[in-house]
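Chains, contacts and geometry: an overview
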Amino acid sequence: MESQKKYSPVYSVEFFPPKSEEGAEKLRKVRKNLNKGMQPRYYSVTFGAGGSTQQGTFDTVAEIQKSGDDAAPHLSCIGTTKDGLRELLSGYKENGIKRIVALRGDMPSGMRGPGELRYANELVEFIRAETGDYFELEVAAYPEIHPQAPSASDDLKNFKRKVEAGADTAITQYFFNPDAYFRFIDECERMNVDLPIIPGIMPIINYKQLSRFSDMCGADIPRWIRKRLEDFGDDKESIKQFGEEVITDLCHTLLEAGAPGLHFYCMNQSAPTLAIWKNLGIQN
Ligand code: FAD
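About the thresholds
- Residues numbered from 1 in each chain as written.
- Predicted model: local features only at pLDDT ≥ 70, side-chain atom pairs only at ≥ 80, totals over all residues.
- UniProt positions renumbered as here; feature names shortened; annotations may be inferred.
- Helix = DSSP H or I, 4+ residues; strand = E, 2+ residues; numbered from the N terminus.
- Rg over C-alpha atoms; globule rule 2.2 N^0.38 Å.
- Buried ≥ 20, exposed ≤ 12 C-beta atoms within 10 Å, placed from the backbone.
- Contact = placed C-beta atoms within 7 Å.
- Near = placed C-beta within 6 Å.
- Core = buried A, V, L, I, M, F, W, Y, C linked by C-beta atoms within 7 Å.
- Pairing = 2+ DSSP bridges.
- Axes fitted to C-alpha atoms, helices over the stretch in contact; angles between N-to-C directions.
- Right-handed = clockwise from strand over helix to strand, strands pointing away.
- Parallel < 35°, antiparallel > 145°, perpendicular 65-115°, else oblique.
- Left-handed = near helix turned anticlockwise from the far one by under 90°.
- Nonpolar A, V, L, I, M, F, W, Y, C, P; charged D, E, K, R; others polar.

Going by the annotation in an unreviewed UniProt entry, the name recorded for the chain is Methylenetetrahydrofolate reductase, with Thiohalophilus thiocyanatoxydans given as the source organism. According to UniProt, the comment filed for the chain under the heading Catalytic activity (unreviewed entry) is "(6S)-5-methyl-5,6,7,8-tetrahydrofolate + NAD(+) = (6R)-5,10-methylene-5,6,7,8-tetrahydrofolate + NADH + H(+)". Quoted straight from UniProt, the Sequence similarities (unreviewed entry) entry for the chain says "Belongs to the methylenetetrahydrofolate reductase family."

**Focus on the overall build of the chain**
Tallying secondary structure elements over the chain gives 10 helices and 9 strands in all. Its C-alpha radius of gyration of 18 Å places the chain within 12% of the 19 Å reference for a compact globule of 284 residues. With the C-alpha coordinates aligned to their principal axes, the bounding extent of the chain is approximately 50 × 45 × 40 Å. Relative to its full complement of 284 residues, the chain shows a buried share of 40%. Long-range pairs, those at least 24 residues apart, make up 82% of the contacts in the chain with a sequence separation of at least 6.

**Some remarks on the site of the ligand**
In the region of the ligand, 26 residues are neighbours, and Thr46, His74, Arg104, Ala120 and Ala140 sit closest. Mapped onto the shell around the ligand, the elements with two or more residues apiece are β3 (71-76), β4 (99-103), α4 (120-131) and α5 (152-164). It is α5 that contributes the most residues to the shell around the ligand, 5 residues altogether.

**Comments concerning the nonpolar core**
Nonpolar side chains in soluble globular proteins generally cluster together in the buried interior. Residues Ile100, Ala102, Val124 and Ile127 are the most contacted members of the largest nonpolar core, which totals 75 residues. Excluding anything up to four places from it in sequence, isoleucine 127 contacts Leu89, Ile100, Ala102, Phe135 and Leu137.

**Side note on the sheet that holds strand β5 (residues 136-141)**
Whether parallel or antiparallel, the strands of a sheet pair through hydrogen bonds between backbone atoms. Here we have 9 strands laid out as an open sheet, ordered β7-β6-β5-β4-β3-β2-β1-β9-β8, and parallel in their pairing. Both outer strands of the open sheet, β7 (197-198) and β8 (200-201), are each paired with one neighbouring strand and no more. Packed onto the sheet, helix α2 (residues 54-66) meets β1 (10-15), β2 (42-45) and β3 and runs at close to 160° relative to β3.

**Quick look at the pairing of β5**
In terms of burial, β5 is largely enclosed, as 5 of its 6 residues are buried. Here 4 bridges tie β5 to strand β6 (residues 169-172), and the two strands are oriented parallel to one another. Bridge pairing in β6 links glutamate 138 to threonine 169. Note on the crossover from β5 through α5 to β6: the handedness is right-handed.

**Brief notes about the packing of helix α6 (residues 178-190) against helix α9 (residues 236-257)**
The geometry of α6 relative to α9 is characterised by a closest axis approach of 10 Å and an angle of 25° between their N-to-C directions. By the angle between their directions, the pair α6 and α9 is classed as roughly parallel. The hand of the α6/α9 crossing is right-handed. Together, Pro178, Tyr181 and Phe182 of α6 and Leu250, Thr253, Leu254 and Ala257 of α9 make up the contact between the two elements. Split by residue class, the contact of α6 with α9 holds 6 nonpolar, 1 polar and no charged.

**Comments concerning unusual backbone geometry**
The backbone of glutamine 39 shows a phi angle near 45°, a positive value even though the residue is not glycine. Among the structural elements, glutamine 39 can be located in the loop between α1 (21-37) and β2. Among the residues examined, glutamine 39 registers 11 C-beta atoms within 10 Å and is labelled exposed. We note that asparagine 268 has phi near 55°; this positive angle belongs to a residue other than glycine. By C-beta crowding, asparagine 268 is classed as partly exposed, having 16 other C-beta atoms within 10 Å.

In structure tokens:
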């Protein structure tokens, strides 16, 4: 973990683009609460490969940035064209955006092929070629291995490609086992991959949804957590309390070991993230 200790911690929060005006209004309140309670360094906004939420991402980041907070759109390259990406990059520049989370993305089933860029390292290279050092670029990291990777060592080599293409920072997929993160950092150190690798934190809010997401993205829910969440059934209060304790402990362990910040997958809700934040007692 030595490589990570030299970076000052960055705390950020992730949103998904709201689907309606009602959702947008709710998200404004969520952001107000988060600004009051924790003042994250920036808000990132996810992007649906294949077009489903792309305008929503643009509109949401433009609104956040205009209101004085820093916003970072996620941008995926799968299924897009270089011209389409150029247009988005210039739109982001015009709106004062300085940071992008650069991804390959996943195509929704039944949609057409990979497009002009196949992997996130190609997207990072493209953004650097088009816009130089204008954007701060974040990429995704997988301490528990990306589900499509042929092997753990291939996945690491592919992670290194993104870093060498010009990424500034990485954010991990969420995980519940800190050892997976510590091991990943050690392996990066051995490969001379040195950049802040910020743990992605998923508050536990809804077990069914968490279980479905985790199956899709390859995040392991340890048995001791799963069994307890199964026991709670629809008892939301117990899930909330247990979830808060487990995730607070995880964050404590990560920060004490030198993790350079936390990125909260807040699910467009402020209360679960703020509860964890309060328990951590961080002066941001
Ligand atoms: P890559 O880094 O390109 O890796 C994808 C796979 O290909 C891996 O198995 C890797 O080992 C392999 N690989 C990589 N490069 C090469 C290469 N050059 N040659 C051969 N194999 C290679 N998804 C969304 O749709 N929208 C979002 O907004 C979004 N936000 C995310 C934010 C974070 C912080 C994280 C961790 C994930 C996010 N995702 C999002 C999910 C992400 O899009 C998927 O995990 C996707 O499958 C991989 O994207 P990537 O950028 O990590 O891909």
